[in-house]
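Read off the chains here:
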Amino acid sequence: MVSFSVRHDPVPASVKIDLELHRPYRTWFGLGRLRCEWCNHKWGAHGCPQRRSAVKLLASKINSDSLRDVLTTLIGFSWGGAA
Ligand SMILES: [Zn+2]
């Protein structure tokens, strides 16, 4: 059973969906290069362009450090800049 929280959620649903859909996969012939599973775009330090913009939007909405921590584990995004 799936239940959706009705309390205020600072993360827009569209952003969540983007982050869910756009995930990296390792290409077989790419010698370890990553590509986006959804849009097949080259995966950079912050993912494909669409995920990057979703993360950017997310970052602009979030000011709380504790929430950042939650999101960091949730989406695996490093806030410390390009790694
Ligand atoms: Zn993508």
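Residues numbered from 1 in each chain as written. Predicted model: local features only at pLDDT ≥ 70, side-chain atom pairs only at ≥ 80, totals over all residues.

Quick notes on the overall build of the protein chain
And then number 1: When helices and strands are counted, the protein chain shows three helices and two strands.
And then number 2: Sequence-ordered secondary structure for the protein chain, helices as α and strands as β, is α-β-β-α-α.
And then number 3: Taking all 83 residues of the protein chain together, the buried fraction comes to 16%.
And then number 4: Partitioning the contacts of the protein chain with sequence separation of at least 6, the portion at a separation of at least 24 is 35%. (Helix = DSSP H or I, 4+ residues; strand = E, 2+ residues; numbered from the N terminus. Buried ≥ 20, exposed ≤ 12 C-beta atoms within 10 Å, placed from the backbone. Contact = placed C-beta atoms within 7 Å.)

Here we look at the environment of V15
And then number 1: Mapped onto the secondary structure, V15 falls in helix α1 (residues 13-21).
And then number 2: Distance from V15 to K56, taken between C-alpha atoms, is 9.7 Å for residues 41 residues apart in sequence.
And then number 3: Ignoring any residue separated from it by four or fewer positions in sequence, one finds V15 in contact with A54, L57 and L58.

Notes on unusual backbone geometry
And then number 1: Of note in the backbone geometry, N40 takes a positive phi value of approximately 65 degrees without being a glycine.
And then number 2: With respect to the helices, strands and loops of the structure, N40 is situated in the loop between β2 (34-36) and α2 (49-61).

Examining the packing of α1 against α2
And then number 1: Orientation of α1 relative to α2, taken along the N-to-C sense of each, is 140 degrees, at an axis distance of 9 Å. Considering the angle they form, α1 stands oblique to α2. When you trace α1 past α2, the crossing you get is left-handed. Residues V15, D18 and L19 of α1 pack against Q50, R51, A54, L57 and L58 of α2.
And then number 2: Residue classes in the contact of α1 with α2 are distributed as five nonpolar, one polar and two charged. (Axes fitted to C-alpha atoms, helices over the stretch in contact; angles between N-to-C directions. Parallel < 35°, antiparallel > 145°, perpendicular 65-115°, else oblique. Left-handed = near helix turned anticlockwise from the far one by under 90°. Nonpolar A, V, L, I, M, F, W, Y, C, P; charged D, E, K, R; others polar.)

Some thoughts on the confidence of the model for the protein chain
And then number 1: For the protein chain, the average pLDDT comes to 75, and 63% of its residues sit at 70 or higher.
And then number 2: Considering each helix and strand of the protein chain separately, the mean pLDDT is smallest for helix α3 (residues 65-75), with a value of 67, and largest for β2, with 91. (pLDDT = per-residue confidence, 0-100.)

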